[in-house]
Amino acid sequence: MRKIETDYLIVGAGAAGMAFADALIAASDVDVVMVDRRHQPGGHWNDAYPFVRLHGPSALYGVNSRRLGSDVIEQTGPNAGYYPRATAAEICAYYQQVLDEVLLHSGRVRFFGMSDSAGAAGNGQQFTSLLTRETTAVRVRKRVVDARYLEPSIPATHAPPFGIESGARVIPVNDLVRLTRPASRFTILGGGKTAIDACLWLLETSVPPEAIRWIRPRDAWLLDRAYQQPLGLLPRLMEGVSLYLEAAAQAQDVSELFRRLESCGQLARFDPEVQPTMFRCATVSQDELVSLRSIENVIRLGRVARIGPDHIELAGGSIPADPGEVHVDCSAAGLRTKPARPVFSDNLITLQQIRSCQPVFSAALTGYVEAAFGDDARKNQICPANRYPDAAVDWIDVTCTAQRAELIWATDPDLVSWMQGARLNATRGMGDFPDDPQMKSALDRVFTNIEPAISNLETLRAEIPAGAS
């Protein structure tokens, strides 16, 4: 058995593991070993459907030390007025460059692809090559970093959670681009980000809306991309933050909170007549929302139980089908909603969301905090685990946790300095707009409402019935 030593063993070289490693080695002189089951870094992006793009700007994705794509606002096309959103191919190429030119080039990181590790805490670790079955023992001097705890479930690698009868045409969303026979209709299965992408891609490739049927077990609250833009558009982003804090501070109950959030543009929905029950951080533009609303054949009978050549059985009933239609499986869970656990615990770091809907920033922050702070209690105070949202009411919990952390961050000058230089920090550069009226108004509203918002959200959270989240 081969034996090696390292300060940190990072299990998983996806987006979170890479952001953590990049921030850690930038802030400390340590040795790192990264292990991943795939042949190259990038995690689930290696298995993503070909037409997927980031839902948010590339300017806020990747690692701190290297820009992803161009930070130039697009002037034409469907993304006009916003910063570019990278494709899966661009993201995979980017992570390989980061590994080769940043991490490995530092001389302090070793990468072992096509290798499997249990990833449990402890000084004595081992991983096994998936190609040769050779096992390597690892003595970890400091910590194991679990970057797979919230590894997403994606269409290409999950098993459909429903039965499929002979004669039914059911494909993963990845195979849409490989179809060689036309379909009498496309039936999209799922209500999340993947289903949104599949619907938009079909519409963009000239499939008429009436040829699309959308089985949407739950409707979702959506984020407006216009309020998610950093850098030169930061005043608008901060206006959005200020508006949702104001709504959170003033709402008398949960129903009023969501009415206010929708009224001020911080949440949107597919159908004005249907109350969303899900929130998963999916982001759309207003133009995309118009396109999605053109699909009128929406089925809301719960999850699919079985698909046959002439029928579909759902939790709430049965609907007809025909052998010529293509059922597109977009039912993979995506972001995992596992229970939150302490990010820092003895000799284990478990990477999780901290700032809501910003996993790579959260991982980079964790890497910096590990290097710059000594006490785990203080580290967990700065990096509170913030479980990914699922139900609509989870917006309350993730926002409350994130805003409490923001107040803590603002009290530490070193942390504030790091954040102002962190590429992945959506709010960096606020001082670059001293005379901007939108920024001034937004900051006034933030300072007025952040503490009342946190207090009120905690009150509203206590009123949510058990099991609603």
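Parameters and conventions
Residues numbered from 1 in each chain as written. Predicted model: local features only at pLDDT ≥ 70, side-chain atom pairs only at ≥ 80, totals over all residues. Heavy atoms only, no water. Disulfide = S-S within 2.5 Å. Helix = DSSP H or I, 4+ residues; strand = E, 2+ residues; numbered from the N terminus. Buried < 20%, exposed > 50% of the residue type's maximum accessible area, 1.4 Å probe, protein only. Pairing = 2+ DSSP bridges. Contact = heavy atoms within 4.5 Å. Axes fitted to C-alpha atoms, helices over the stretch in contact; angles between N-to-C directions. 1 Å grid on protein atoms, 1.4 Å probe; cavity = no way out; pocket = protein on both sides within 12 Å on 5 of 7 lines; lining within 4 Å. Points joined across faces, edges and corners; volume = space filled by probe spheres on them. Nonpolar A, V, L, I, M, F, W, Y, C, P; charged D, E, K, R; others polar. Core = buried A, V, L, I, M, F, W, Y, C linked by side-chain atoms within 4.5 Å. Left-handed = near helix turned anticlockwise from the far one by under 90°. Salt bridge = Lys/Arg side-chain N within 4 Å of Asp/Glu carboxyl O.

Visitor: Report on the state of the cysteines, specifying residues and quantitative values.
Guide: Scanning the entire structure with this criterion turns up 1 disulfide. Here Cys281 connects covalently by a disulfide to Cys357, the sulfurs 2.0 Å from one another. Disulfide Cys281-Cys357: torsion about the S-S bond near -65°, hence left-handed. On the criterion of sequence distance, the pair formed by Cys281 in strand β12 (residues 278-284) and Cys357 in the loop between β19 (348-350) and α7 (359-372) is long-range, its members being 76 residues apart. When its relative accessible area of 12% is taken as the criterion, Cys281 is described as buried. Sulfur of Cys330: no disulfide; nearest cysteine sulfur belongs to Cys199 and is 7.3 Å away. Not engaged in a disulfide, the cysteine Cys400 finds its nearest cysteine sulfur in Cys357; these two sulfurs lie 15 Å apart.

Visitor: Explain the sheet that holds strand β10 (residues 212-215) residue by residue, including any values.
Guide: Judged by pairing direction, the sheet is parallel, and its 5 strands sit side by side in the order β8-β17-β9-β10-β13 without closing on themselves. One side of each edge strand has no neighbouring strand; the edge strands of this open sheet are β8 (169-172) and β13 (298-299). Note that β10 and β13 share 2 bridges and pair parallel. By the bridge assignment for β13, Trp214 is matched with Val298. Lying on the sheet, helix α3 (residues 193-204) is in contact with β9 (186-189) and β10; it crosses β10 at an angle near 175°.

Visitor: Pulling in residues and values, what's your account of the layout of surface pockets?
Guide: Taken as a whole, the second largest pocket holds about 300 Å³ of empty space. Forming the walls of the second largest pocket are 17 residues, and the residues nearest its centre are Phe51, Arg53, Arg85, Glu204 and Glu288. Examining the composition of the lining of the second largest pocket, we find that 5 residues originate from one element, α3, more than from any other. Of the residues assigned to the lining of the second largest pocket, the class counts are 5 nonpolar, 5 polar and 7 charged.

Visitor: Help me get a handle on the nonpolar core, residues and values and all.
Guide: Most often, soluble globular proteins keep nonpolar side chains buried together rather than apart. Grouped together as the largest cluster of nonpolar side chains are 88 residues, with contacts concentrated most on Met34, Tyr95, Leu103, Ile188 and Trp214. In terms of residues, this core owes the most to one element, helix α2 (residues 88-103), which gives 9 residues. Contact partners of Met34, with chain neighbours within four places excluded, come to Ile10, Gly12, Ala13, Gly17, Met18, Ala21, Leu103, Val109, Arg110, Phe111 and Phe112. If you look at the next biggest cluster of nonpolar residues, it comprises 36 residues, including Leu223, Leu257, Ile454 and Leu460.

Visitor: Before we move on, can you summarise the pairing of strand β15 (residues 311-314) with the specific residues and values?
Guide: Here strand β14 (residues 304-307) pairs with β15 via 3 bridges, running antiparallel. Across the sheet, Ile307 pairs through a bridge with Ile312, a residue of β15. Between β14 and β15, which pair antiparallel one after the other, the connecting turn spans 3 residues. The sheet contact formed by β15 and strand β16 (residues 317-320) spans 4 bridges and is antiparallel. Bridge pairing links Leu314 to Gly317 in β16. Counted between consecutive antiparallel strands, the loop separating β15 from β16 contains 2 residues.

Visitor: Quick rundown of the packing of helix α1 (residues 15-27) against α7? Include the residues and the values.
Guide: Across the interface, α1 lies against α7 with an axial gap of 7 Å and an inter-helix angle of 30°. α1 and α7 meet at a crossing whose hand is right-handed. Together, Ala15, Ala16, Ala19, Phe20, Ala23, Leu24 and Ala27 of α1 and Val360, Ala363, Ala364, Thr366, Gly367, Tyr368, Glu370 and Ala371 of α7 make up the contact between the two elements. Here the residues of the contact of α1 with α7 are counted per class, giving 12 nonpolar, 2 polar and 1 charged.

Visitor: Tell me about the pattern of salt bridges, and name the residues and values.
Guide: Going through the model one piece at a time under the given rule, you end up with 34 salt bridges. Note that Arg213 is salt-bridged to Glu325, the shortest N-O span being 3.0 Å. Residue Arg213 is found in strand β10, and its partner Glu325 is found in the loop between β16 and β17 (326-329); the two are separated by 112 residues along the sequence. Comparing Arg213 with Glu325, the two get one shared label, buried. It is possible to trace a salt-bridge network through shared partners that takes in Glu5, Asp7, Arg139 and Arg141.

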